[in-house]
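Residue-level structure breakdown
As a plain string of letters, each chain reads:
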Amino acid sequence: VGELAGTMAMVTVNPRAVTSWVGIARLFAIVLSCLAFSLVASTRDFQDPYGTWCMFTWCFCFIVTLLVLVLELLELYPKLPLSWDDFTSAFSMLAALMVFTTSVVFPSTFITSPCSSSKCARQAVATTASCLCFLAYACEVGLTRAKPGDVSSFLSTVPGLLKVFEAYVACLIFSLLDSSNFKAGLQWCVAVYSICFIVTFLIIIFTIGRCLTYMPCPLEKMLVGYNALALVMYITATVLWPLYSFRGRNRPDPCNRDCWWSKHLGVTFLTIFNLIAYLVDLVYSTRMVFIRAP
């Protein structure tokens, strides 16, 4: 009992956790994500994979953001064995991407025209709340992003945020891959997506866990080398994926969002997005390592 009382006495309240601009953005994200999943839950129409994903996104972001806010309010986060700034930067970027995807997927899947029923109205309000929630997370990313010249956590810099983007886009690519027998060129593309995802994910995890400081080689130069290699690999995937996916194969008629043609087209665009991300990542990483400001 005495130890518990001592621990309770050591807990302090930091009001800036909820009064700063970052705290206000998090409060908005909590309220809006809660509103979104509550309205959708009231419609009882979210059982398919797309609805499950949307509900998971809103609930996951709500729970983690609430936990972050409580830990900062009570100043308990220094006791955690992780880099708190890296964790919050990575999570806010991930939440922004997840909520943005959900804000596009949910209305395109569940809202039909004309929208006249009370169920449809609740779905429309949930979509609006989800869009505003994305803006709240985007504001948090902008507020916590490291400014030029700042000494800050890696995942709050542009290359660090791009690492989260690259890993998330790779996850979207995996969700669109079907189980058909791929040709050799497509198998190479899948290998590119998998290798780059694993390495990028490990960089994020090791950064949050403060493990990268134990690397025996210069970390910054290693990241530049990895970005260059990943860029070359994605260039090959950008060329080979559409070449082997669509050559000699016509678009099915009808073709809904679940047919192979739509999925392969989605993978093509996501591959291009990640190619651009790795290019920008390489440019920023090179500038940070080799072109230092005086």
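This structure is a prediction, so every number in the text was calculated from the model and none was measured. (Residues numbered from 1 in each chain as written. Predicted model: local features only at pLDDT ≥ 70, side-chain atom pairs only at ≥ 80, totals over all residues. Heavy atoms only, no water.)

Some details on the layout of surface pockets
Which parts of space are left empty comes out when a probe the size of a water molecule is rolled across the atoms. In this structure, the largest pocket encloses a volume near 1400 Å³. Take the lining of the largest pocket: its biggest share by element is 14 residues, from helix α5 (residues 84–110). There are two domains that each give the lining of the largest pocket at least three residues, and those are domain 1 (11–148) and domain 2 (157–293). (1 Å grid on protein atoms, 1.4 Å probe; cavity = no way out; pocket = protein on both sides within 12 Å on 5 of 7 lines; lining within 4 Å. Points joined across faces, edges and corners; volume = space filled by probe spheres on them. Helix = DSSP H or I, 4+ residues; strand = E, 2+ residues; numbered from the N terminus. Domains from an automatic or database assignment.)

Here's the deal with the UniProt feature "transmembrane region" (unreviewed entry) in the protein
When the UniProt feature table is mapped onto this chain, "transmembrane region" (unreviewed entry) is found at residues 20–41, 53–71, 91–112, 124–143, 185–212, 224–244 and 264–284. Helix makes up 95% of residues 20–41 and strand 0%. Its end C-alpha atoms lie 32 Å apart. The span residues 53–71 shows a helical share of 100% and a strand share of 0%, and its end C-alpha atoms are spaced 27 Å apart. (UniProt positions renumbered as here; feature names shortened; annotations may be inferred.)

Some thoughts on helix α7 (residues 158–176)
If you check α7, its first and last C-alpha atoms are 27 Å apart, about what 19 residues at 1.5 Å a residue would give, namely 27 Å. When α7 is considered as a whole, its buried residues turn out to be Pro 159, Gly 160, Leu 161, Leu 162, Lys 163, Val 164, Glu 166, Ala 167, Tyr 168, Val 169, Ala 170 and Ile 173. (Expected span 1.5 Å × (residues − 1). Buried < 20%, exposed > 50% of the residue type's maximum accessible area, 1.4 Å probe, protein only.)

Things to note about a nonpolar patch on the surface
The grouping of Phe 269, Ile 272, Phe 273, Ile 276, Val 280 and Tyr 284 at the surface amounts to a nonpolar patch, some 510 Å² of accessible area in total. Relative to the elements of secondary structure, Ile 276 occurs in helix α10 (residues 260–290). (Patch = residues over 30% accessible without salt bridge, like charges linked within 9 Å, V, L, I, M, F, W, Y side chains within 5 Å. Areas by Shrake-Rupley, 256 points an atom, 1.4 Å probe, with all protein chains shown as cover. Salt bridge = Lys/Arg side-chain N within 4 Å of Asp/Glu carboxyl O.)

Things to note about the environment of Ser 38
Assignment of secondary structure puts Ser 38 in helix α3 (residues 21–43). Linking Ser 38 and Met 55, residues 17 residues apart in sequence, is a C-alpha distance of 9.2 Å.

A word on the nonpolar core
Soluble globular proteins: nonpolar side chains tend toward being buried together. Grouped together as the largest cluster of nonpolar side chains are 29 residues, with contacts concentrated most on Val 40, Trp 58, Phe 106, Cys 133 and Tyr 137. For this core, the elements supplying multiple residues, two or more each, are α3, α4 (49–73), α5 and α6 (118–144). With residues near it in sequence (within four places) discarded, Trp 58 still touches Ser 33, Ala 36, Phe 37, Val 40, Thr 102, Phe 106 and Ser 130. Counting residues in hydrophobic clusters, the runner-up holds 23 residues, among them Ile 203, Ala 230, Tyr 234 and Leu 282. (Core = buried A, V, L, I, M, F, W, Y, C linked by side-chain atoms within 4.5 Å. Contact = heavy atoms within 4.5 Å.)

Things to note about the packing of aromatic side chains
Taken as a whole and assessed by the stated rule, the structure comprises 16 aromatic pairs. A centroid spacing of 5.6 Å and a plane angle of 70 degrees characterise the contact between Phe 37 and Phe 62, whose relative ring orientation is edge-to-face. With Phe 37 in helix α3 and Phe 62 in helix α4, this pair connects stretches of sequence that are 25 residues apart. You can call Phe 37 buried: its relative accessible area is 16%. Measuring from centroid to centroid gives 5.5 Å for Phe 56 and Phe 60, while their planes differ by 15 degrees, and the two rings are stacked. With Phe 56 and Phe 60 both in helix α4, this residue pair falls four residues apart, about one helical turn. Assessed through its relative accessible area of 46%, Phe 56 is described here as partly exposed. (Phe/Tyr/Trp six-rings, centres within 6.5 Å; stacked < 30°, edge-to-face > 60°.)

Describing the side chain of Thr 101
If you trace the backbone, Thr 101 turns up in helix α5. Look at Thr 101 and you get buried, because its relative accessible area is 16%. In contact with Thr 101, other than residues within four places in its own chain, are Trp 53, Tyr 168 and Leu 172.

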